[in-house]
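Working through the structure, step by step
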Amino acid sequence: MATSIAIPQAAPVPWFRRALRVIPGILLLVSVGYLGKFLEQFIARYAKAHHLTIPNIEYVLWAILIGLVLANTIGVPELFRAGVNTYDFWLKTGIVLLGARFLLGDVLKLGAVSLVLVAIELALSITFMTWLGRRFKLSEKLISLLAVGSSICGVSAIIATQGAIEADDEDASLAIAAILALGAIALFSFPVIGHSLGMGDQSYGLWAGLAVDNTAEATAAGALYSDAAAKTAVLAKTTRNATIGFVVLGYALYWARRRQAGEIKNKARFLWQKFPKFVLGFLLISVLATVKVFDKTQLGNLANLSRWAFLLTFAGVGLRTNFAQLRKQGVRPLLVGAVGEVVIAAVTLGLVVGASRVIG
Amino acid sequence: MANNFISRARLKASFDTLAVFTALVLATLVKIGALKRIPW
């Protein structure tokens, strides 16, 4: 006789409970971010009052460092995790609001230069990462995920591709860990390299936007250099993000042809689903600023709202980076990613130096 | 471990539209004068 087993169903969590769950973590993001800002101002005031020459450490670095120390010593308690994971929401909100600081003409000019460089960077990095992954005998789907992660936009691209090519969770996890670890290294090494080469704000921002994989790390790497570099880095990275649908579609078709992933029935719908909508928000705010919907004071307020949103993002970048967890993910994918990233960074640096003659 | 990375990454993807909506609401509040002075 057949017996039925009742599987307990988890009751849906009401929206207000979910909202309440993120509050402690958001308060932690605010506290860490604000402490970073306070430390920058406090040290500058102290140095001025005591006639000391102390190098200015930006709030960006303080916020990331405080987050890193907390996450890698006492850890982030469960109570705060849901809220800390909202850092990507603050990043995207900040990017959309940053549109107010761009006239559409600048977006089109710099965006067009970025798009040409992104196309070259995509072709080179996908080809190189595929070749390198095969040399290291990684699985073919892991190679696809690493190639997408390092060529477009890190974690978001990996997760979009994982669904499209039906890759294992394990492969996606390895690729995400490699990209996050390398993002953390890039965050600190890029400003040092940029300063040692004497790069201008725009050239450096373009380089960070093209070569640093995750949008949060690219924004932070730009902000660690200067406010102007952060603006350019965000624009270049946003251009790179906008290509995500096309690359994921290419990989989905490739794996479907090899009968290892489902067919794509409606390509236009697929592209729209994968397209990052915050890019459209950024363009909309830029158009509104260009046609003077906002006066000067309002533009200043929007820029400051964007800065606050980024402050929470930078705190989140530090708080979500746990080196012990990343180390457990294995050496080979990390090694392939690291070699690939160094080559991509060198090639994009060459591209940016060439392009800087065009953009001035 | 895998699920930890994957679930966080999926959560990231879900923020896209909400972020655009929030930014547009904030921009509207600034435009109508409800947010008059945002310090930095």
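1. Details of the overall build of chain A
When helices and strands are counted, chain A shows 17 helices and 0 strands. Radius of gyration (C-alpha) of chain A: 21 Å, near the 21 Å computed for a compact globule of 360 residues. Reported as C-alpha extents along the three principal axes, the dimensions of chain A are approximately 85 × 50 × 45 Å. Out of the 360 residues in chain A, the part that is buried amounts to 50%. Counting contacts in chain A only where the partners sit at least 6 residues apart, residues at least 24 apart contribute 80% of the total.

2. Looking at the confidence of the model for chain B
Per-residue pLDDT for chain B averages 81, and the proportion of residues at 70 or more is 65%. Interface predicted TM-score (ipTM) for the complex: 0.85; the corresponding pTM is 0.81.

3. So, the interface of chain B and chain A
Contacts between the two partners involve 29 residues from chain B, matched on the other side by 32 residues from chain A. Breaking the side of chain B that touches chain A down by element, the ones donating at least two residues are helix 1 (2–13) and helix 2 (16–31) of chain B. It is helix 2 of chain B that contributes the most residues to the side of chain B that touches chain A, 12 residues altogether. Each residue belonging to the side of chain B that touches chain A can be placed in one class, and the counts come to 20 nonpolar, 3 polar and 6 charged.

4. Points about the packing of helix 6 (residues 140–151) of chain A against helix 8 (residues 169–196) of chain A
All names here are of chain A. Remark: helix 6 packs on helix 8, axes separated minimally by 9 Å, with the N-to-C direction vectors making an angle of 35°. Remark: the crossing between helix 6 and helix 8 carries right-handed chirality. Where helix 6 approaches helix 8, its residues K141, L142, L145, L146, G149 and S150 are matched on the opposing element by D171, A172, L174, A175, A178 and I179. Its residues placed into classes, the contact of helix 6 with helix 8 shows 8 nonpolar, 2 polar and 2 charged.

5. Points about the nonpolar core
Residues and elements named next belong to chain A. Ranked by internal contacts, the top residues of the largest apolar core, which has 119 residues, are A63, L97, I158, A175, A208, A220 and A221. Looking at this core element by element, the count peaks at 14 residues for helix 8. In this view, A208 contacts F190, A218, A221, G222, A229 and A233; residues no more than four positions away in its chain are not counted.

6. Remarks on helix 15 (residues 296–319) of chain A
Residue pairs three or four apart in sequence face the same way in an α-helix, which turns once every 3.6 residues. Between its first and last C-alpha, helix 15 of chain A extends 35 Å over 24 residues, near the 34 Å set by a 1.5 Å rise per residue. The buried count for helix 15 of chain A comes to 17 of 24 residues, which makes it a mostly enclosed element.

7. Here's the deal with the environment of G33 of chain B
All names here are of chain B. Tracing the backbone through its elements, the reader meets G33 in the segment after helix 2. A count of 9 C-beta atoms within 10 Å places G33 in the exposed class. Distance from G33 to F21, taken between C-alpha atoms, is 18 Å for residues 12 residues apart in sequence.

8. What to know about the environment of V76 of chain A
Residues and elements named next belong to chain A. Tracing the chain through its elements places V76 in the loop between helix 2 (59–72) and helix 3 (78–84). The sequence separation of V76 and G25 amounts to 51 residues, and the corresponding C-alpha distance is 9.2 Å. With sequence-adjacent residues up to four places away left out, V76 is seen in contact with L70, A71, R81, V84 and L319.

9. Comments concerning the packing of helix 14 (residues 277–290) of chain A against helix 2 of chain B
As a packed pair, helix 14 of chain A and helix 2 of chain B sit with axes 8 Å apart at the nearest point and diverge in direction by 20°. Considering their axes alone, helix 14 of chain A and helix 2 of chain B lie roughly parallel with respect to each other. Handedness of the crossing formed by helix 14 of chain A with helix 2 of chain B: right-handed. Facing K277, F278, G281 and I285 of chain A of helix 14 of chain A, the residues of helix 2 of chain B in contact are D16, T17, A19, V20, A23, L24 and A27 of chain B. In the contact of helix 14 of chain A with helix 2 of chain B, the residues fall into 7 nonpolar, 2 polar and 2 charged.

10. Some words on unusual backbone geometry
Residue and element names in this part refer to chain A. Phi at H51 is positive, roughly 50°, even though this residue is not glycine. Turning to its location among the elements, H51 is positioned in the loop between helix 1 (15–49) and helix 2. Taking the number of C-beta atoms within 10 Å as the measure of exposure, H51 has 6 and is therefore exposed. The phi dihedral of K292 is positive, around 60°, even though this residue is not glycine. With respect to the helices and strands, the residue K292 is situated in the loop between helix 14 and helix 15.

Parameters and conventions
Residues numbered from 1 in each chain as written. Chains lettered and ligands numbered in written order. Predicted model: local features only at pLDDT ≥ 70, side-chain atom pairs only at ≥ 80, totals over all residues. Helix = DSSP H or I, 4+ residues; strand = E, 2+ residues; numbered from the N terminus. Rg over C-alpha atoms; globule rule 2.2 N^0.38 Å. Buried ≥ 20, exposed ≤ 12 C-beta atoms within 10 Å, placed from the backbone. Contact = placed C-beta atoms within 7 Å. pLDDT = per-residue confidence, 0-100. Nonpolar A, V, L, I, M, F, W, Y, C, P; charged D, E, K, R; others polar. Axes fitted to C-alpha atoms, helices over the stretch in contact; angles between N-to-C directions. Left-handed = near helix turned anticlockwise from the far one by under 90°. Core = buried A, V, L, I, M, F, W, Y, C linked by C-beta atoms within 7 Å. Expected span 1.5 Å × (residues − 1). Parallel < 35°, antiparallel > 145°, perpendicular 65-115°, else oblique.

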